[in-house]
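Take a look at the letters that make up each chain.
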Amino acid sequence: MQTFAIGVDLGGTNLRIAAVDDSGKLLEKLTLGTEVKRGRDLVIKDMCDAIEQVRTRYKGTGTLSGIGVGVPGFIDMATGMVMRSPNLADWTNFPVRDVIQQQLGTPVILENDANVAAMGEKWLGAGRGVEHMGMYTLGTGVGGGLVFHGRLWHGMTGMAGELGHFNIFPDGHPCGCGSRGCLEQYASATAIVRMAREAIERKEGSPELERLAPDPVQFTSRSLYNLAVQGDASAKRIFETVGFALGIGIGGMVNALNLPMYVIGGGVASSWDAFAPAMFKELNFRSSIYALTSPEQKEFAQSTIITRALLGSDAGLYGAARLPMLENFTQMEKSRTLA
Ligand SMILES: [Zn+2]
C-alpha cells in the first residue's frame, strides 16, 4: 500500500489541491477559484470539501501521511495563526490551522506559501541535490524561503525567510510592509508594471511602452518582457533594475549565509534572460564571496549556484505535500533515539 500526502496551495486567485505519493508522483490535482471576496469562511469550506473529496478517493488505495497547507502571509507557527496576509485581508489574526483541523477532524501543517514553494523545489526541483538553499518567488510580491539541512528554517516565530523585504533603496518606493525600497518594490510583477508607468511619467517611455499603457490587460510584466527582448530600450532598463535589485538582495544573502544554491521562481523568473545579466554583474560587485565562489571560478570544489526554479506553479503544491512526510520522518527519528 502506498503512502501519500495532500498538499494545498492557497493563492489570491487559485486554490489548488494535490495528492502526491512519497516518491513525489502526482496522483491528482484539483484547481478551484479562490473567491476571496466571499470571505474566509467560504474559502476554508471549499478547501476542506476538496481535501475531503481527495482523501475519500484514495482511502482504500493508500495511507494518508498528512495534510500540508500553504497560505500567503505571516504565520505564527506555534499557534497556527495567520498574523497578516496581504491578499487575504479578513484572515488577519485568524486561527486558520485550528479551524481547518476542526472541519477535517485531523491535524494539518500550516506554512507560508513561499516556504512551501522552497520546499517543493528542494524536494523535486532545482534544489534536489543540495541540503541548503534560499528561494525567491517573484510574483505579485516577492516571497522567500530558506532550507537548511533539508528542512525549512522558521526562525523564532515562523516568520523567517522574508527575502522580499530585504532593503535595496533606504528611501525607495513605499512597501506594503511599512518600510521603503524593499526588493519586492523592484523585482515583483507589480513593481515591473509600476516602474514602466513611472518611466512614462518621466517621459522616458518608448512609443511602444506608451501604446500598451492605457490597457491594464495588455500592460503586464509579461508584455513588458516581450518588449525588452525585442530591444525596446525603456523596457530593457526596467529589467536591468530588476536584475540590479536582485543582485543586491541575493548578494546580501550570499555574504550572510554562503549557501550553495539560490533558486529564483515565480512568474517573473521566466524573464530570466532580461534581468539575469544585470543580476550577475551586481552580485559580483556586491558580494566578494559570490565573486570568489561563482561557477566561473575554479578555486573551490563547490560553487554558488543561482538558478531558475524548475517546478513552475506546482512547487508550492509539492512542497505542502512534503511537509507531513518530513514531520513523520522526524517523529520516527525521535522514537528511534528514545528507544
Ligand atoms: Zn517591504
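Use the structure listed above.
What you are looking at is a predicted structure, and each value in this text was computed from that prediction instead of being measured.

The rules behind these values
- Residues numbered from 1 in each chain as written.
- Predicted model: local features only at pLDDT ≥ 70, side-chain atom pairs only at ≥ 80, totals over all residues.
- Heavy atoms only, no water.
- Helix = DSSP H or I, 4+ residues; strand = E, 2+ residues; numbered from the N terminus.
- Contact = heavy atoms within 4.5 Å.
- Buried < 20%, exposed > 50% of the residue type's maximum accessible area, 1.4 Å probe, protein only.
- Phe/Tyr/Trp six-rings, centres within 6.5 Å; stacked < 30°, edge-to-face > 60°.
- Pairing = 2+ DSSP bridges.
- Arc of directions from axis to C-beta.
- Core = buried A, V, L, I, M, F, W, Y, C linked by side-chain atoms within 4.5 Å.
- Axes fitted to C-alpha atoms, helices over the stretch in contact; angles between N-to-C directions.
- Donors = N, O, S within 2.8 Å, 3.2 Å for Na, K, Ca; no water.
- Tetrahedral: all angles 85-135°; square planar, octahedral: opposite > 155°, others 65-115°.
- Left-handed = near helix turned anticlockwise from the far one by under 90°.
- Nonpolar A, V, L, I, M, F, W, Y, C, P; charged D, E, K, R; others polar.

K.L.:
Could you give an account of the overall build of the chain, naming the residues involved and the relevant values?
P.N.:
The number of helices and strands found in the chain is 11 helices and 12 strands. In the chain, the share of contacts with a sequence separation of at least 24, taken over all contacts with a separation of at least 6, comes to 61%.

K.L.:
Talk me through helix α7 (residues 221–229); I want residue IDs and the actual numbers.
P.N.:
Of the positions making up α7, those classed as buried are Ser221, Ser223, Leu224, Tyr225, Leu227 and Ala228. Next to the buried residues of α7 lie α5 (189–201), α6 (207–212), α8 (233–257) and α9 (272–286). Among the residues trailing α7, Gly231 stands out with phi positive, at a value near 100°.

K.L.:
So what's going on with the packing of aromatic side chains? Which residues, and what values?
P.N.:
The tally for this structure, following the rule as stated, stands at 9 aromatic pairs. Residues Tyr225 and Phe239 carry aromatic rings whose centres are separated by 6.1 Å and whose planes lie at 75° to one another, so their mutual orientation is edge-to-face. Of this pair, Tyr225 sits in helix α7 while Phe239 sits in helix α8, and the two are 14 residues apart along the sequence. For the pair Tyr225 and Phe239, a shared accessibility class is recorded, and that class is buried.

K.L.:
Report on the pairing of strand β2 (residues 14–21), specifying residues and quantitative values.
P.N.:
Burial analysis of β2 places 7 of its 8 residues in the buried class, the great majority of the element. Judged from the 7 bridges that link them, strand β1 (residues 2–10) and β2 form a sheet pairing that is antiparallel. Across the sheet, residue Asp9 finds its bridge partner in β2, namely Arg16. Once β1 ends, the chain turns through 3 residues before running back antiparallel as β2. Relative to strand β3 (residues 26–33), β2 runs antiparallel, the two being bridged by 7 bridges. Within β3, the position partnered with Ala18 by the bridge is Lys29. Here β2 hands over to β3 after 4 residues, with Gly24 in that stretch at a positive phi of 95°.

K.L.:
Go over the sheet that holds strand β11 (residues 261–265) with me, naming the residues and quoting the values.
P.N.:
With respect to topology, 5 strands assemble into an open sheet ordered β10-β9-β8-β11-β12, the strand pairing being mixed. Two strands in the sheet have a free side with no partner beyond their single neighbour: β10 (151–152) and β12 (305–308). As defined by bridge partners, strand β8 (residues 133–138) adjoins strand β9 (residues 142–148) across 6 bridges and the pair is classed as antiparallel. Considered in β9, the bridge of Tyr136 is made with Gly144.

K.L.:
Tell me about helix α2 (residues 96–104), and name the residues and values.
P.N.:
Because the α-helix completes a turn every 3.6 residues, residues three or four places apart line up on one side. Residues Val96, Arg97, Val99, Ile100 and Leu104 constitute the buried set of α2. Mapping the buried residues of α2 onto a view down its axis gives an arc of 165°, with all of them on the same face. If you follow the buried residues of α2, they end up packed against α1 (40–58), β4 (62–71), β6 (81–84) and β7 (108–112). At the exit of α2 stands Gly105, carrying a positive phi of roughly 70°.

K.L.:
Could you give an account of the nonpolar core, with specific residues and numbers?
P.N.:
In this structure, Ile250 and Met279 are the most contacted members of the largest nonpolar core, which totals 48 residues. Of the residues forming this core, the biggest block, 10 residues, is contributed by α8. Those residues within four positions of Met279 in sequence are excluded, and the remaining contacts are Gly243, Phe244, Leu246, Gly247, Ile250, Ile264, Trp272 and Ile306. Of all hydrophobic cores here, the second largest spans 30 residues; its members include Phe4, Ala19, Val43 and Val54.

K.L.:
Describe in detail the sheet that holds β7, supporting the description with residues and values.
P.N.:
A sheet is described by the order of its strands in space; here 5 strands give the open sequence β3-β2-β1-β4-β7, paired in mixed fashion. Each edge of the sheet is formed by a strand with only one pairing partner; in this case those strands are β3 and β7. Direction aside, the axes of adjacent strands within the sheet are offset by 20° on average. By the bridge criterion, 5 bridges tie β4 to β7 in an arrangement that is parallel. Note on β7: the bridge partner recorded for Val69 is Leu110. Along the sheet face, helix α3 (residues 113–124) touches β1, β2, β4 and β7 and points at about 100° away from the line of β7.

K.L.:
Could you give an account of the coordination of the zinc ion, with specific residues and numbers?
P.N.:
By definition of the ideal shapes, four donors in a tetrahedron about a metal sit 109.5 degrees apart, and six donors in an octahedron sit 90 or 180 degrees apart. Within the protein, His165 (ND1), Cys175 (SG), Cys177 (SG) and Cys182 (SG) serve as the donor atoms for the zinc ion, at 2.0 to 2.3 Å. In this structure, the zinc ion is surrounded by 4 donor atoms whose angles at the metal cover 105 to 119°, and the resulting shape is tetrahedral. Read N to C, the donor residues that coordinate the zinc ion are spaced as H-x9-C-x1-C-x4-C. Taken together, the positions of His165 in the loop between β10 and α4 (184–187) and Cys177 in the loop between β10 and α4 put the pair 12 residues apart, joining distant regions of the chain. For Cys177, a relative accessible area of 27% gives the class partly exposed.

K.L.:
How would you explain the packing of α7 against α8 if you had to name every residue and give the values?
P.N.:
The description of two packed helices rests on the angle between their axes and on the distance between the axes. Running from amino to carboxyl end, α7 crosses α8 at an angle of 115°, the nearest separation of the two axes being 7 Å. At the point where α7 passes α8, the crossing takes the left-handed sense. Of the residues in α8, those in contact with Ser221, Leu224, Tyr225, Leu227 and Ala228 of α7 are Ala235, Lys236 and Phe239. Across the contact of α7 with α8, the residue classes break down as 6 nonpolar, 1 polar and 1 charged.

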